[in-house]
Amino acid sequence: MKEERSYTLEQINDIVGGILNKIDSAPIIKRIAPPKLADENTLALALSEEEIENLYSSNAKAALVPLGVSFEGMTTIEVERPRLAMMKLIHLFYMPPDAPVGVHPSAVVHPDAKLGQNVSIGANVTISRGVEIGDNTKILPNVYIGRNTKIGQNCFFHAGVNIGDDIQIGNNVIIQHGASIGADGFSFVTETPNSIENAKQEGSIQGDYNQQRIFKIPSIGSVVIEDDVEIGANATVDRGTIENTVIKKGTKIDNLVMVSHNCKVGENCMIVSQVGIAGSCQIGDRVVLAGQAGLADHISIGSDSIVMAQSGVTKNFAPRSIIVGSPAVPRKEFIRQLKYTKEVSELLKQFKQYKDKLDQYFGEIEEKTEV
Amino acid sequence: MKEERSYTLEQINDIVGGILNKIDSAPIIKRIAPPKLADENTLALALSEEEIENLYSSNAKAALVPLGVSFEGMTTIEVERPRLAMMKLIHLFYMPPDAPVGVHPSAVVHPDAKLGQNVSIGANVTISRGVEIGDNTKILPNVYIGRNTKIGQNCFFHAGVNIGDDIQIGNNVIIQHGASIGADGFSFVTETPNSIENAKQEGSIQGDYNQQRIFKIPSIGSVVIEDDVEIGANATVDRGTIENTVIKKGTKIDNLVMVSHNCKVGENCMIVSQVGIAGSCQIGDRVVLAGQAGLADHISIGSDSIVMAQSGVTKNFAPRSIIVGSPAVPRKEFIRQLKYTKEVSELLKQFKQYKDKLDQYFGEIEEKTEV
Amino acid sequence: MKEERSYTLEQINDIVGGILNKIDSAPIIKRIAPPKLADENTLALALSEEEIENLYSSNAKAALVPLGVSFEGMTTIEVERPRLAMMKLIHLFYMPPDAPVGVHPSAVVHPDAKLGQNVSIGANVTISRGVEIGDNTKILPNVYIGRNTKIGQNCFFHAGVNIGDDIQIGNNVIIQHGASIGADGFSFVTETPNSIENAKQEGSIQGDYNQQRIFKIPSIGSVVIEDDVEIGANATVDRGTIENTVIKKGTKIDNLVMVSHNCKVGENCMIVSQVGIAGSCQIGDRVVLAGQAGLADHISIGSDSIVMAQSGVTKNFAPRSIIVGSPAVPRKEFIRQLKYTKEVSELLKQFKQYKDKLDQYFGEIEEKTEV
């Protein structure tokens, strides 16, 4: 039942802007795949050394290869940046989820809500009072959108997304399954200083907190998500306490990431799965936060920085920092620490040798003294 | 369309219990904001040194400041505990999500279920057989509540929450988007000892586990959530195997936290985002687990302890412990380790100096010996 | 209202295959519980030293005990592998969630979809075009199933699960609350090398990335989940870029785990809560990934390996490896590092002693030289 699409190698070469080395009987291309999974109508993607090697045993009659790679007996398209070419080819075969224009009869759309042209509202979606949705935006089943939230054009929200009140979402925003935008910030206060406040001052936990009541600080700030942002499955972006939490344009957030209240995340950042960003952090533009990294609250990270996987960032870093470890340090310092460990190891060996000599020598001295 | 609220500075001062220093033409307060975002009808919140500095360039005519701070040319309210005052002020402007009393026609409520007074059941909610819901509880769209689950009064469940069978939830419980309460515990058994059981004994992985079948241990325990608990977006609290998993009153759990089967979490704990608590842990009262910390199974942590971010706790800790590192140690030991590293570094430098002298000296000795 | 079940001790002993030591007036068993929570009709589960001790103060008249344990004045059943016996006993008392056969009137099932015998489709479920669901599979409320997804027999999907297009799911698969199967992979490309690509080569971040646009690489691969797999609450398994992401038969995945695009996870693995597996990893059979462990992309881990909690795996490991630390190393090396730290500590103490002697000695030498 899947729609079949086919392309000539000339058409494909036009799309990827490569060099076509065509031998006789070049096939019609109906799919793309790694060499091992290719058939006669597959364009084999041989982007790495290993995959190029796999071409020898492949059924493919045509392959996409890096610039400068030639392969006898096969039609090839050489490209300078294979991953970019792959992206363009995937678009040829990609079929987005069904999202028919119109409002599904089971959806609950508040009469006050304003829907643009060609909007798709799926089954069992709830659209609250005062919501506005731009043209061509598609919302899959079981999504909830809270009061007065504004959504731009050409957005695509997958099933089960939950969006709170007063959220502002730009154009071309993609949100994956079950992500939460605009849950309350994790923000509380006690009438008197709590154990953490005291421990910071005293270095140990003193006092009696038995009777201390915890009050929730509600969030009257919201979330602003700018154009071209993507947010991963079951990720959470909390609303701000008073100001908004902001995700600037082009930033990509992976599954299960936590962005806490008041954070400002810059443009074109890449935030990999399971990263946790505590409250009120300032992330510059084009910052990469690798998987499972954590940032303490009120941390500032300069533009073009890279925080490596599982790092725990507890202080601010300037632009163009490479940051690693828990607690995190600049990469140079981290490498110095590793070198230092080796140096200690080497010196210990030497010390053992001297120790033997010294034992002998001081032994002699002592013997002399005794004499 | 947003409802506008306004207050005199006297009204606000009454609420926060501060010292009002009023100059002429004190404004009506229609909103609160940091100094930089303030207009003439804003009460600027200048709670930190930095924000107090920002008052100089602010359009605000009135500010909330810490006790003892005076600011010329502006009406101020001085308060002893600014964060507490902020919480009270936010409540003046907070608007909870719409949750009209009654059952939305698209909701599916089992005829056996008992709903209290003023309950709100949103669109596409499913309420199973035998459920009981207390007065004034509000349940937003797309929530699922399993068989025989009992929910107290004044609870607020945000959209997309999933609650299993036989769960007991107290009063004033808040659950954020997409949280899971009462999924099955991650509990399995094999007929013969598995690789982990053997590795613990032998220190390496021996034996052939090819034919070993894994059996699921179902969960016949449930989850008990006491009064005043809050559970964050997409967090998960699993049901107990035989006994219940318990979250005691007043405890706050942040987004994406995992509380495994059989855990007992005490009162007024703060469990920050992405913390993972393995099966059968015992957490005392007022324990703080900072972001991304992890606890191995069957761990006990005494009351009033603080586990620092990203720590990995593999043994029990007494009350009032401050715990850090992976594997986690008391904070004092952690600091000793850091000091020790410095000491090693210093001694290595010294050793290098002695080494030069010794090389010279032993060299001489050897020469003498040779003579 | 809960259904009551009861068993004789003989019936129970037949099920667990133990040794029944019956004294007079052995009770009818209506429930199982730890000794402290037991009443006269409870079979007390005394599986550990501590629980056996608790039998002395228990109201139980019968207990399940490990082989070789005798307990005067109580009927006991001795078993060789208590946890296995417990699993069998729990099945006696377990009641699965209600899932009546048939399609709930509020569910939205595409007319093209094919449902097997005895299928249960709950309230507000959406089943898309081309979906096939095998016999006896049960789907609880608010689940979304995308286009052309095939689901086997005897599956059980809990509430709020989101499943994308073209997914293949085998028989006996259990998916817990809110899990996401088949969200898009986190895969992007820029026209020219980005900061990470350059940093890998240069060791620092050079160049200007201001104008660099990020392109999404869509996922035309899917997800294959084989028989007997379980996937935890709010876990996410992303679709492959071109090939499929694969979870092989019998593997169990806990809550909040992330399995990224293109990963191949072997048979009968145990992947504990909050583990993150980056793109294109190859996990062998029967591999254990303990809580919060992380794997970098393209990592291969051999069968029967154990990755310990919070480890950060950045290189490949052979079968039967025990892996620990961040960056992760074989357990033997980790222990060597711990020993080495102790050794350093010891040698430093010794060095201090020699230092005193050397100071004295070189001091003397210098005095002599001066003379």
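Structure first, text after, so check above.
Residues numbered from 1 in each chain as written. Chains lettered and ligands numbered in written order. Predicted model: local features only at pLDDT ≥ 70, side-chain atom pairs only at ≥ 80, totals over all residues. Heavy atoms only, no water.

(A) Representation of the overall build of chain A. Helix and strand counts for chain A come out as five helices and 38 strands. Here the C-alpha radius of gyration of chain A, 29 Å, is well above what a compact globule of 371 residues would show, namely 21 Å. With the principal axes as the frame, chain A shows a C-alpha extent of 100 × 70 × 30 Å. Long-range pairs, those at least 24 residues apart, make up 20% of the contacts in chain A with a sequence separation of at least 6. Of the roughly 15,700 Å² of accessible surface on chain A, a fraction of 48% belongs to carbon and sulfur atoms. (Helix = DSSP H or I, 4+ residues; strand = E, 2+ residues; numbered from the N terminus. Rg over C-alpha atoms; globule rule 2.2 N^0.38 Å. Contact = heavy atoms within 4.5 Å. Areas by Shrake-Rupley, 256 points an atom, 1.4 Å probe, with all protein chains shown as cover.)

(B) Just the relation of the copies chain A and chain C, in detail. When chain A is brought onto chain C, the operation consists of a screw motion whose angular component is 120 degrees and whose axial shift is 0.0 Å, with 0.1 Å RMSD remaining. Both copies are brought into coincidence by an operation consistent with a three-fold rotation axis. Comparing contact sets, just 18% of the residues at the interface of chain A also lie at the interface in chain C, consistent with a heterologous contact between different surfaces. (Least-squares fit on C-alpha atoms with pLDDT ≥ 70 in both.)

(C) Quick look at the interface of chain B and chain A. With 72 residues of chain B at the interface, the matching set in chain A holds 80 residues. Between chain B and chain A, roughly 5,900 Å² of surface is buried when both sides are summed, and carbon and sulfur atoms account for 60% of that area. If you look at where chain B meets chain A, you find four salt bridges. The partner of E197(A) in a salt bridge is R81(B), and the shortest N-O contact between them spans 2.8 Å. Counting across the chain B and chain A interface gives 32 residue pairs in polar contact (both at pLDDT 80 or more). Those elements that provide at least two residues to the side of chain B that touches chain A are β2 (31–33), α3 (82–93), β26 (252–253), β29 (270–271) and α5 (331–370) of chain B. Here the residues of the side of chain B that touches chain A sort into 35 nonpolar, 22 polar and 15 charged. (Buried area = accessible area lost by both parts, 1.4 Å probe. Salt bridge = Lys/Arg side-chain N within 4 Å of Asp/Glu carboxyl O. Polar contact = N/O pair within 3.5 Å; in protein donor to acceptor, adjacent residues only side chain to side chain. Nonpolar A, V, L, I, M, F, W, Y, C, P; charged D, E, K, R; others polar.)

(D) How the structure looks around the sheet that holds strand β31 (residues 282–283) of chain A. All names here are of chain A. Within the open sheet, the nine strands sit side by side as β8-β11-β14-β17-β22-β25-β28-β31-β34. Their pairing is parallel. The open sheet has two free edges, formed respectively by β8 (114–115) and β34 (300–301), since each of these has just one partner strand. When β8 meets strand β11 (residues 132–133), the two strands line up parallel, connected through two bridges. Looking across to β11, one finds that L115 is bridged to I133. (Pairing = 2+ DSSP bridges.)

(E) Representation of the relation of the copies chain B and chain A in the model. The operation relating chain B to chain A is a screw motion whose rotation component is 120 degrees, with 0.0 Å of axial translation and a residual RMSD of 0.1 Å. Of the interface residues in chain B, just 18% have counterparts in chain A that sit at the interface too, so the contact is made through distinct surfaces.

(F) Structural view of the sheet that holds strand β3 (residues 42–45) of chain B. Residues and elements named next belong to chain B. Taken in spatial order, the five strands of this open sheet run β1-β5-β4-β3-β2, and their pairing is mixed. The open sheet has two edge strands with one neighbour each: β1 (19–21) and β2. Adjacent strand axes in the sheet meet at a mean angle of 25 degrees when their direction is disregarded. Summarising the sheet, β2 and β3 pair through three bridges and their orientation is parallel. If you follow A33 over to β3, its bridge partner there is A44. Sheet strands in contact with helix α1 (residues 9–16) are β1, β3, β4 (62–66) and β5 (75–79), and its direction is about 10 degrees off that of β5. Against the sheet, α3 engages β2, β3, β4 and β5, with an angle of about 145 degrees to β4. (Axes fitted to C-alpha atoms, helices over the stretch in contact; angles between N-to-C directions.)

(G) Layout of the environment of Q11(B). For Q11(B), the location among the structural elements is in helix α1. Through-space distance from the C-alpha of Q11(B) to that of I271(B) is 35 Å; in sequence the pair is 260 residues apart.

(H) Representation of helix α4 (residues 195–202) of chain C in the model. For α4(C), every residue scored as buried is listed here: S195(C), N198(C) and A199(C). In a view along the axis of α4(C), the buried residues occupy a sector of 100 degrees, so they form one face of it. Opposite the packed face of α4(C), turned more than 90 degrees from it, sit the exposed residues K200(C) and Q201(C). Those residues of α4(C) that are buried lie in contact with β35 (306–307) and β37 (322–324) of chain A. A distance of 3.1 Å separates the backbone nitrogen of I196(C) from a side-chain oxygen at the start of α4(C), and that oxygen is part of N194(C). (Buried < 20%, exposed > 50% of the residue type's maximum accessible area, 1.4 Å probe, protein only. Arc of directions from axis to C-beta.)

(I) Here's a closer look at unusual backbone geometry. The peptide bond linking S326(B) to P327(B) adopts the cis configuration, its omega dihedral lying at 0 degrees. Residue placement: P327(B) occurs in the loop between β37 (322–324) and β38 (329–330). Positive phi, normally seen in glycine, also occurs at D228(C), with a value near 65 degrees. On the basis of relative accessible area, D228(C) is assigned to the partly exposed category, the value being 34%. You will see that R320(C), though not glycine, has its phi angle at about 60 degrees, which is positive. Of the residues examined, R320(C) reaches a relative accessible area of 34% and is grouped as partly exposed.

That's the geometry; what it means functionally is another story.
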